[in-house]
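# Inside the fold
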Amino acid sequence: MPTGHNTEIRTDIPHSARIWNYWMGGMDNYDIDRQVGDASMQIDPGISTMATESRRFLIRAVSHLAREVGIRQFLDIGTGLPTMQNTHQVAQSIHPDARIVYVDNDPLVLTHARALLTTTTHEGVTTYTECDFHEPEQIIADAQNILNFTEPIVVMFMGVLGHARSHDDVLRIVRTVMDAAPSGSHLVHWDGTVDSPSYVAMCEEYAKSGGVPYIPRTQDDLRAVFDGFELLEPGFGKIASWRRDEPQPDGVEDISAYGGVARKP
């Protein structure tokens, strides 16, 4: 997610959300995104697997928090482009009255949001707000128009905080939003790590393309995001393994994507 508010869709500069969409088999991308996406897969062939596994993690986490925990409010920050089984579709299939706020500041995301909003249930609410995640106070102010901050909220940062300027910024952003959420709220977070040299090399090459850099961080850095919260079983670890019922295909265990789900006491 880039910093600052954009007013135009640039088709000459690659964008991580559009490349991610391409890796997941979506159609909301441009030639420059496909070129960079293909070049990235040459450097790190596992990146498309990371993309699909991240969506499976989202589906499992949202399903658990809606069905087992009973939460009906979701704040998905840095949501990226709609693909398959988005947060609101998963949550509202369990609770038709669930309320979802998506946050992004990319004009292409906001354009496609109009089509996505037609898939919300009659009982529920699904909306987008335009905001940069470096401005968490504004995110809270906008979300309070839709969500009830006296009831538990699921706050989601799904593979986006690598775009934060520093690890201190990551902690500031997450803490600010979670401080505003009541007890019983949950944090869902994952990001890419430095464990895989090919993934690190791919991120370095992507930064040279003109796109907003994505900074892989250490497992300890990502685990620190959950400090002060109660991690749900199986704790912090590879997202591909989090409460997974089906067998893991070959190559899944190698992806360097870590995170978890935690409850605010």
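Here the structure is shown first, and the text comes after it.
All chains use their own residue numbering, which begins from 1 and follows the written sequence. In view of the model being predicted, local features appear only for residues whose pLDDT reaches at least 70, and side-chain atom pairs are presented and counted only at 80 or more, with totals across whole chains, interfaces and linings using the full set of residues. For side-chain calculations, the full set of non-hydrogen atoms in the structure is used, while hydrogens and water are omitted.

### Details of the overall build of the chain
Secondary structure elements are defined from DSSP: runs of H or I of at least 4 residues count as helices, runs of E of at least 2 residues count as strands, and each element is numbered from the N terminus. If you tally the helices and strands in the chain, you get 9 helices and 8 strands. As defined in this context, the radius of gyration uses C-alpha atoms, and a globule is described by 2.2 Å times the residue total to the power 0.38. Here the C-alpha radius of gyration of the chain, 17 Å, is about what a compact globule of 265 residues would show, namely 18 Å. Projected onto its principal axes, the C-alpha positions of the chain cover 45 × 40 × 35 Å. Burial classes: relative accessible area under 20% of the type maximum marks a residue as buried, over 50% as exposed, and values in between as partly exposed (1.4 Å probe, protein chains only). In the chain, which comprises 265 residues, the proportion classed as buried is 54%. Surface exposure of the chain reaches about 11,000 Å², of which carbon and sulfur atoms provide 50%. All accessibility values rest on the Shrake-Rupley procedure with a 1.4 Å probe; residue burial counts only the protein chains present in the view.

### Some points on empty space enclosed by the protein
As defined here, a cavity is a set of points on a 1 Å grid over the protein atoms alone where a 1.4 Å probe fits but cannot get out. A pocket is an open set with protein on both sides within 12 Å along at least five of seven lines, and residues line them when an atom is within 4 Å of a point. Grid points are joined across faces, edges and corners, and a volume is the space filled by probe spheres set on the points. Taken as a whole, this structure holds 3 cavities of 30 Å³ or more when the rule is applied. In this model, the largest cavity occupies a volume close to 590 Å³. Contributions of two or more residues to the lining of the largest cavity are made by α1 (16-23), α3 (47-67), β1 (73-77) and α8 (197-208). Of all the elements, α1 adds the most residues to the lining of the largest cavity, at 6 residues.

### With respect to the packing of aromatic side chains
Aromatic contacts are taken between Phe, Tyr and Trp rings whose centres are within 6.5 Å, Trp giving its six-membered ring; a plane angle under 30 degrees counts as stacked, one over 60 as edge-to-face, and the others as tilted. One pass over the full model with this rule turns up 7 aromatic pairs. Between Phe226 and Phe236, the aromatic rings sit 6.3 Å apart at their centres with planes inclined by 65 degrees, giving edge-to-face as the arrangement. Of this pair, Phe226 sits in the loop between α9 (219-224) and β6 (230-231) while Phe236 sits in the loop between β6 and β7 (237-238), and the two are 10 residues apart along the sequence. Per residue, the accessibility class of Phe226 equals that of Phe236, and both read buried. Where Phe236 meets Tyr258, the ring centres are 6.1 Å apart and the plane angle is 20 degrees; that geometry is what we call stacked. Taken together, the positions of Phe236 in the loop between β6 and β7 and Tyr258 in strand β8 (residues 257-263) put the pair 22 residues apart, joining distant regions of the chain.

### Here we look at the pattern of salt bridges
The salt bridge criterion pairs a side-chain nitrogen of Lys or Arg with a carboxyl oxygen of Asp or Glu, the two atoms within 4 Å. Enumeration according to the criterion identifies 9 salt bridges in this entry. The shortest N-O distance in the salt bridge between Glu53 and Arg244 comes to 2.6 Å. With a gap of 191 residues between them, Glu53 in helix α3 and Arg244 in the loop between β7 and β8 connect regions that are remote in the sequence. Just as Glu53 is buried, Arg244 falls in that class too. The partner of Arg223 in a salt bridge is Asp220, with the nearest N and O atoms 2.9 Å apart. A residue pair is termed a helical-turn pair when its members lie 3 or 4 positions apart in one helix, as Arg223 and Asp220 do in helix α9 at 3 residues. Overlapping salt bridges, with partners in common, bring together Glu53, Arg56 and Arg244 in one network.

### Digging into the nonpolar core
Among the nonpolar cores identified, the biggest contains 47 residues, and Phe57, Phe74, Met156, Val188 and Val261 are the most heavily contacted of them. Residue contributions to this core peak at 10 residues, all from α3. For this analysis, residues touch if any pair of their heavy atoms sits within 4.5 Å. Those residues in contact with Val261 that lie beyond four places of it in its chain are Phe57, Ala61, Leu65, His186, Leu187, Val188, Phe226, Glu230, Leu231, Leu232 and Trp242. What makes a nonpolar core is a set of buried Ala, Val, Leu, Ile, Met, Phe, Trp, Tyr and Cys residues whose side-chain atoms join them at distances within 4.5 Å. Ile139, Val155, Val225 and Phe226 belong to the second-largest nonpolar core, a separate cluster that totals 30 residues.

### Considering helix α5 (residues 107-116)
Buried within α5 are the following residues: Pro107, Leu108, Val109, Leu110, Ala113 and Leu116. Next to the buried residues of α5 lie α1, α4 (87-94), β2 (99-104) and β3 (125-130).

### A closer look at α4
Within α4, 6 of the 8 residues are buried, which leaves the element mostly enclosed by the surrounding structure. Check the buried side of α4 and you find it contacts α3, β1, β2, α5, β3 and β4 (154-158).

### Description of the pairing of β2
Summarising burial for β2: 5 of the 6 residues are buried, a large majority. Strand direction decides the pairing type here: β1 and β2, joined by 5 bridges, are parallel. Bridge assignment links Ile77 to a residue of β2, and that residue is Val103. Once the chain exits β1 it traverses α4 before rejoining the sheet at β2, and the crossover so formed is right-handed. Here, strands pair whenever DSSP counts at least two bridges between them. One ladder, built from 6 bridges, connects β2 with β3; its direction is parallel. In the sheet register, Val101 faces β3, and the bridge partner there is Thr127. Throughout, right-handed denotes a crossover for which the path from the first strand over the helix to the second runs clockwise when the strands point away from the viewer.

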